[in-house]
Amino acid sequence: MKVWMLVLLLLLLPLPLTASESTEGDEALDPETLQQMVRQSAEIFKIEDGVTIDEAIESMKLRANLRNFQEVADLPLSDQVQAMGGEGNYMRILAFCDALIANQMVKHDIIFASFLPCRIAVVEDDEGQGWIVTTNMDMMLHATDLPEDLEVVAREVRDTIYSIVEAGRTGDF
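For the structure given in this document, a descriptive report is provided here. All values reported here derive from a predicted model rather than from experimental measurement.

### Quick notes on the nonpolar core
- Residues Met 60, Ile 120, Ile 161 and Ile 164 are the most contacted members of the largest nonpolar core, which totals 28 residues.
- Those elements giving two or more residues to this core turn out to be α3 (53-66), β3 (91-97), α5 (99-108), β4 (118-124), α6 (137-141) and α7 (148-170).
- Looking at this core, the element that brings in the most residues is α7, giving 7 residues.
- Aside from chain neighbours lying at most four places away, what touches Met 60 is Leu 94, Phe 96, Ile 120, Val 122, Ile 132, Ile 164, Val 165 and Gly 168.

Okay, here's the thing in structure tokens:
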């Protein structure tokens, strides 16, 4: 219920059209509300005990392939941190996409370009626990009014991304 209220709030807010425009409306929301909105925009999944991060990533890549979603990016951020002399926990961003669907969605509403490609982060916390983080696909799905044909496609994307995440979480293909 809270998610729907936040989505409704987001849709009713007057938002600037570009980043360079005035942000006067930002004062209407307190920091706590903004933090809750950001937290609601993501889904966080614990990788099951006994599943290594490497197994989770391999399972996600295989599931994406089975669902005909192309891996379009693999960003090993923790490697970059180390290369720059820093220290940190494992952090890697995978991106998957069906370019034809992406094209349809952006043609309908340019806002969908901000969600492209579908990103799935794999991170390790200080205790060594692996986590998978991705966009709350239901919030994205309901952020605009979609015609029925695009809503069907958007639901397929949502289901595919959650299927990829589930494969990573459990280590299944």
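From this point, the discussion proceeds with the structure in view.
### Some remarks on the packing of α5 against α7
- Direction vectors running N to C along α5 and α7 enclose 130 degrees, while the axes themselves pass 11 Å from each other. When the axes of α5 and α7 are compared, the pair comes out oblique. In this structure, α5 meets α7 at a crossing whose hand is left-handed. Contacts from Ile 101, Gln 104, Met 105 and His 108 in α5 reach Leu 150, Val 153, Ala 154 and Val 157 in α7.
- The residue makeup of the contact of α5 with α7, split by class, is 6 nonpolar, 2 polar and no charged.

### A closer look at the packing of aromatic side chains
- Overall, the coordinates contain 2 aromatic pairs when judged by the stated rule.
- Ring centres 6.3 Å apart and planes at 65 degrees place the aromatic pair Phe 45 and Tyr 162 in the edge-to-face group. One end of the pair, Phe 45, is in strand β1 (residues 42-46); the other, Tyr 162, is in helix α7, with 117 residues separating them in the sequence.
- A relative accessible area of 21% places Phe 45 in the partly exposed class.
- Ring geometry for Phe 112 against Phe 115: centres 6.3 Å apart, planes inclined by 45 degrees, an arrangement best described as tilted.

### Here's the deal with α5
- Every buried residue belonging to α5 is among Ile 101, Ala 102 and Met 105, and all of these are buried. Along the axis of α5, the buried positions cluster into a sector of 100 degrees, meaning they face one direction only. With respect to the buried face of α5, the exposed residues turned more than 90 degrees away are Ala 99, Leu 100 and Lys 107.
- Where the residues of α5 are buried, they touch β3 and α7.

### What about the packing of α3 against α7?
- Relative orientation of the contacting elements α3 and α7 amounts to 150 degrees, with a least axis distance of 7 Å. Where α3 crosses over α7, the handedness of that crossing is right-handed. Across the interface between the two elements, Ala 56, Ser 59, Met 60, Arg 63 and Ala 64 from α3 touch Ser 163, Ile 164, Val 165, Ala 167 and Gly 168 from α7.
- Across the contact of α3 with α7, the residue classes break down as 6 nonpolar, 3 polar and 1 charged.

### Things to note about the sheet that holds β3
- Across the sheet, 5 strands lie side by side as β1-β5-β4-β3-β2; this open sheet has antiparallel pairing. Bordering the open sheet on either side are β1 and β2 (70-75), each of which pairs with just one other strand. Neighbour-to-neighbour, the strand axes of the sheet open up by a mean angle of 20 degrees, direction not taken into account.
- Across 5 bridges, the pairing between β2 and β3 is antiparallel. The residue of β3 that forms the bridge with Glu 71 is Phe 96.
- α7 rests against β1, β3, β4 and β5 (130-135) of the sheet, and its axis sits at about 175 degrees to β5.

### Quick word on the pairing of β3
- Summarising burial for β3: 6 of the 7 residues are buried, a large majority.
- As judged from the 6 bridges shared by β3 and β4, these two strands associate in the antiparallel manner. Residue pairing in the sheet places Ile 93 in a bridge with Ala 121 of β4.

The rules behind the values
Residues numbered from 1 in each chain as written. Predicted model: local features only at pLDDT ≥ 70, side-chain atom pairs only at ≥ 80, totals over all residues. Heavy atoms only, no water. Core = buried A, V, L, I, M, F, W, Y, C linked by side-chain atoms within 4.5 Å. Buried < 20%, exposed > 50% of the residue type's maximum accessible area, 1.4 Å probe, protein only. Helix = DSSP H or I, 4+ residues; strand = E, 2+ residues; numbered from the N terminus. Contact = heavy atoms within 4.5 Å. Axes fitted to C-alpha atoms, helices over the stretch in contact; angles between N-to-C directions. Parallel < 35°, antiparallel > 145°, perpendicular 65-115°, else oblique. Left-handed = near helix turned anticlockwise from the far one by under 90°. Nonpolar A, V, L, I, M, F, W, Y, C, P; charged D, E, K, R; others polar. Phe/Tyr/Trp six-rings, centres within 6.5 Å; stacked < 30°, edge-to-face > 60°. Arc of directions from axis to C-beta. Pairing = 2+ DSSP bridges.

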